[in-house]
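Architecture and fold: a report
Chain by chain, the residues run as shown.
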Amino acid sequence: MQRDGPCPCCDGPRHRARSVTPSPGTLAGMKYLSRAVATALIVATVSSSGGNLPVVDSTVRPGDAFYQYVNGAWFKATEIPADRSSISDGAILSEQADQRTRGIIQETAQDKNATADAKKIADFYNAFMDEAAVEKLGLAPLEPQLRAIAGIRDRKTLSRVLGSQLRADVDVLNNTDLDTDKLLGLWVAQDLDDPSRYAPFLLQGGLGMPDRDYYLDDSPATAAIRAKYTPHLAKVLGLAGIKDADAKAARIFELEKRMATAHSTRVESIDVVKANNHWSRKDFDTRAPGLDWQEYFKAAGLGGQSDFIVWQPAAVTGLSALVASQPLETWKEYLTARLLEHASPYLPKAFVDERFEFFGKTLSGTPKPRDRWKRGISVTNIALGDAVGKLYAARYFAPAEKARAEAMVHNLIAAFSRRIDQLDWMAPETKSKAKAKLAVLKIGVGYPDHWTDYSALDIRPGDALGNALRAEQFETHRNLAKLGKPVDRSEWVMTPQTVNAVNLPVMNAMNFPAAILQPPYFDPNRPGVMDYGSMGAIIGHEISHSFDDQGAQFDSTGKLNNWWKPEDFAHFKEASQKLAKQYDQYRPFPDLALNGQQVLSENIADLAGLSVSYDAWQLSLDGKAAPVVDGFTGNQQFFMSFAQSWRDKTREPALRQQVITDGHAPDEYRADTVRNLDAWYEAFDVKPGEKLYLAPDQRVRIW
Ligand SMILES: [Zn+2]
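What counts as what
Residues numbered from 1 in each chain as written. Predicted model: local features only at pLDDT ≥ 70, side-chain atom pairs only at ≥ 80, totals over all residues. Heavy atoms only, no water. Helix = DSSP H or I, 4+ residues; strand = E, 2+ residues; numbered from the N terminus. Rg over C-alpha atoms; globule rule 2.2 N^0.38 Å. Buried < 20%, exposed > 50% of the residue type's maximum accessible area, 1.4 Å probe, protein only. Expected span 1.5 Å × (residues − 1). Bend = angle between axes of the 7 residues up to and from the residue. Salt bridge = Lys/Arg side-chain N within 4 Å of Asp/Glu carboxyl O. Pairing = 2+ DSSP bridges. Axes fitted to C-alpha atoms, helices over the stretch in contact; angles between N-to-C directions. Contact = heavy atoms within 4.5 Å. Phe/Tyr/Trp six-rings, centres within 6.5 Å; stacked < 30°, edge-to-face > 60°. Parallel < 35°, antiparallel > 145°, perpendicular 65-115°, else oblique. Nonpolar A, V, L, I, M, F, W, Y, C, P; charged D, E, K, R; others polar.

It is worth spelling out the overall build of the chain at this point. When you go through the chain residue by residue, the secondary structure sums to 27 helices and nine strands. At 25 Å, the chain has a C-alpha radius of gyration in line with the 27 Å of a compact globule built from 703 residues. Taking the principal axes of its C-alpha atoms as reference, the chain extends roughly 75 × 60 × 50 Å. Among the 703 residues that make up the chain, the fraction classed as buried is 63%.

For the rest of this paragraph, the subject is helix H21 (residues 528-545). A turn of α-helix holds 3.6 residues, and therefore any two residues three or four places apart point the same way. The terminal C-alpha atoms of H21, which comprises 18 residues, lie 24 Å apart, in line with the 26 Å expected from a rise of 1.5 Å per residue. Gly536 marks where H21 bends most, by close to 35 degrees.

Another point: the pattern of salt bridges. In the structure shown here, the tally under the stated rule is 44 salt bridges. Linking Lys374 and Glu95 is a salt bridge whose minimum nitrogen-to-oxygen distance equals 3.0 Å. Placement of the pair is Lys374 in helix H17 (residues 372-396) and Glu95 in helix H2 (residues 89-109), with a sequence separation of 279 residues. By relative accessible area, which is 5% here, Lys374 ends up buried. Put simply, Glu107 and Arg395 hold a salt bridge, and the shortest N to O gap is 3.1 Å. Residue Glu107 is found in helix H2, and its partner Arg395 is found in helix H17; the two are separated by 288 residues along the sequence.

Here four strands make up an open sheet; going across it, the order is S2-S3-S5-S4 and the pairing mixed. Among the strands making up the open sheet, the edge pair consists of strand S2 (184-190) and strand S4 (277-280). Strand-to-strand twist of the sheet, defined as the mean angle between neighbouring strand axes without regard to direction, takes the value 35 degrees. Relative to strand S5 (residues 307-310), strand S3 (residues 198-204) is paired through two bridges, and the arrangement is parallel. Across the sheet, the residue bridging to Phe201 is Ile309, located in S5. Along the sheet face, helix H14 (residues 313-325) touches S2, S3, S4 and S5 and points at about 40 degrees away from the line of S4.

Next up on the list: the environment of Leu173. Within the fold, Leu173 resides in the loop between helix H6 (155-164) and S2. Look at Leu173 and you get buried, because its relative accessible area is 6%. Leu173 sits 16 residues away from Ala189 along the chain, and the two C-alpha atoms are 9.3 Å apart. When near neighbours in sequence (up to four residues on either side) are disregarded, Leu173 contacts Trp187, Leu192, Val272, Trp311, Asn503, Pro505, Val506, Gln550 and Phe554.

Below, the discussion takes up the packing of aromatic side chains. For the coordinates displayed, the defined rule picks out 46 aromatic pairs. On the numbers, 5.2 Å between centres and 80 degrees between planes, the contact of Phe284 with Phe308 is edge-to-face. Of this pair, Phe284 sits in helix H12 (residues 281-287) while Phe308 sits in strand S5, placing them 24 residues apart in sequence. Exposure remark for Phe284: the relative accessible area of 0% places this residue in the buried category. Note on Tyr392 and Tyr396: the rings are 5.2 Å apart at their centroids and 45 degrees apart in plane angle, and the pair reads as tilted. With Tyr392 and Tyr396 both in helix H17 and four residues apart, this pair spans about one turn of that helix. Residue class for Tyr392 comes out buried when judged on its relative accessible area of 0%. Assessed through its relative accessible area of 21%, Tyr396 is described here as partly exposed.

Look at helix H3 (residues 116-129) against helix H20 (residues 464-480): their axes get within 8 Å of each other, and the N-to-C directions meet at 135 degrees. With respect to their mutual orientation, H3 and H20 come out oblique. Between H3 and H20, the residues in contact are Asp123, Phe124, Ala127 and Phe128 and Ala464, Asn467 and Ala468, respectively. By residue class, the composition of the contact of H3 with H20 is five nonpolar, one polar and one charged.

Turning to the sheet that holds strand S8 (residues 509-513), a few remarks are in order. The three strands are arranged S6-S8-S7 in an open sheet whose pairing can be described as mixed. Every other strand in the sheet has two partners, leaving strand S6 (442-446) and strand S7 (502-504) as the edge strands with one partner each. The average angle at which neighbouring strand axes cross in this sheet is 15 degrees, direction not considered. Relative to S8, S7 runs antiparallel, the two being bridged by three bridges. Across the sheet, residue Asn503 finds its bridge partner in S8, namely Met510.

Below you can see the structure in the form of structure tokens.
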């Protein structure tokens with residue numbers, strides 16, 4: 001639903017395994033935690049007047065600047081907190097979820113009867129909070145890895161070290177998480193050609209900055225960031241007591257720049273058909289020489305695997321060739337730097353500060369680091385997300401709200417089905433295939449049916465970094481263990497305490513976590529129209545991801561299979577391209593426009609989600625007129641609630657980073673999709689000549 005954003009613990013790029021998922025266990029055992037925790041919210045702005053209609057900015061016309069019209073008062077009253085790169089309703093709710101999680105952890109730490117999982121959460125969090133222990137340990141927890149790097153003496157040992165670092169740290173189609181600081185990233189998911197089995201997907205990686213553009217693009221804003229990167233690397237090496245840091249940093253940058261040159265672009269990387277490349281184990285030796293693949297896969301725990309899906313084949317070929325062509329010494333310097341950077345959130349303060357200096361300040365424009373406890377909650381959620389989520393959902397997600405959310409999802413699916421029936425451009429055969437797909441959607445509301453079993457994860461008091469590294473390894477083993485087992489469609493890829501929602505296109509499933517199903521998105525104490533404008537549009541958005549430019553390529557079994565009649569698909573493509581062109585026009589900065597193709601899937605989902613939610617709301621009225629509130633008609637309330645749910649303020653560097661790297665357009669432009677709906681024109685009497693006005697034939701209608 002929302003953008004992935006930077007790493008929650010340091011505002012830098014994400015830097016470790018993230019997706020969290022289930023195995024046996026139920027909520028039943030959690031009754032001991034049913035006492036309410038009194039944790040005062042420190043974020044004043046959460047007093048969410050957002051639940052209801054806003055005070056509008058009457059200095060602008062809705063048809064000229066709808067986003068400003070709805071949110072002007074909020075913009076005026078809201079400052080971005082110094083420790084954040086942006087502020088939005090989602091961010092405020094995330095802060096609230098963090099506060100609640102802290103309360104749960106503190107309570108657990110004192111509970112003599114805490115379960116093994118609850119004890120792990122407390123130990124993990126407390127180890128991170130024990131700064132004295134972190135200072136005292138210094139780099140000691142990295143010793144085994146530093147020794148392995150120092151012991152590299154040929155391509156074979158280099159390949160072995162690179163393989164030992166492979167982690168399940170990317171997720172292409174669900175969380176659209178494409179980045180890893182390791183040479184390659186691993187995603188274990190359903191084979192796109194045979195969704196009954198899991199396959200290992202390999203993705204390009206290895207960069208320290210968030211995208212190839214940061215190495216190659218010549219715009220002044222990007223060049224300014226690049227100029228600070230090499231000194232940053234030198235500083236990190238210097239902090240570790242490494243000599244000749246400047247010369248080494250310069251060589252590391254050159255190696256990363258070569259990697260960036262080999263990388264595919266964002267737009268290339270989201271083309272599923274181009275990415276679905278099945279390679280046998282032997283193909284790696286012939287198509288991507290350089291790495292000793294035998295050693296690499298053995299060290300990665302994939303020695304017995306005979307087939308893979310290589311997402312960006314040209315990049316894998318290019319990266320592997322660098323293993324042969326670049327000096328071993330440079331590789332060793334590079335691996336040392338990457339290891340230190342990766343570990344920095346858990347290292348002594350000097351490393352944490354330097355990481356924030358570059359990734360927080362320079363790359364995101366954030367003035368001040370987040371409080372350590374907030375980073376502690378973030379990293380605990382990364383390592384033990386399901387264990388936290390089980391406690392969180394038991395306490396903060398009432399069964400009545402689960403039922404209400406399930407009913408809303410049901411209404412949205414019914415509205416989508418009617419929409420398919422009414423499409424005038426689609427042939428009956430294609431319609432029945434689309435409806436078959438809709439019928440199999442597996443909807444998860446609040447929390448998963450099964451939880452991850454953490455019994456094999458070793459968490460030790462006083463060992464913050466060791467715990468984090470073991471958690472990454474645990475997550476990787478958990479994913480590798482799926483290979484060869486039946487596919488579990490009930491698996492979640494988000495935790496209940498995440499303020500977000502997700503469509504899993506290959507699983508034909510959706511997750512709506514507990515933490516987003518609450519005010520101001522979802523509120524039992526206000527007119528239903530407001531919920532349809534915000535949460536309804538979010539649910540509709542996720543449903544329609546099954547029918548966006550990517551999702552529409554998977555059939556009802558999850559197979560990558562074009563189920564469309566050619567003329568229907570041509571119409572769909574043409575309408576999609578019209579939407580891509582609409583978004584190409586938006587320029588957040590004079591020197592930076594959106595890339596309509598890069599954000600197309602999300603924009604199709606936004607447009608379809610809003611349209612379907614509008615229908616579902618109309619159906620829910622059952623022929624009765626919607627009540628007028630504060631002088632606003634039902635239609636007006638619906639669209640205002642939508643634009644309000646996207647209110648957001650983002651610092652310039654972070655906004656630029658989003659435009660370059662993200663599949664989601666900035667929130668303002670997402671809200672502006674109202675201009676494609678006829679009902680919005682009627683609601684606000686929008687006329688030709690106003691800035692957002694589109695002639696009827698220019699309005700994009702896809703679903
Ligand atoms: Zn989305």
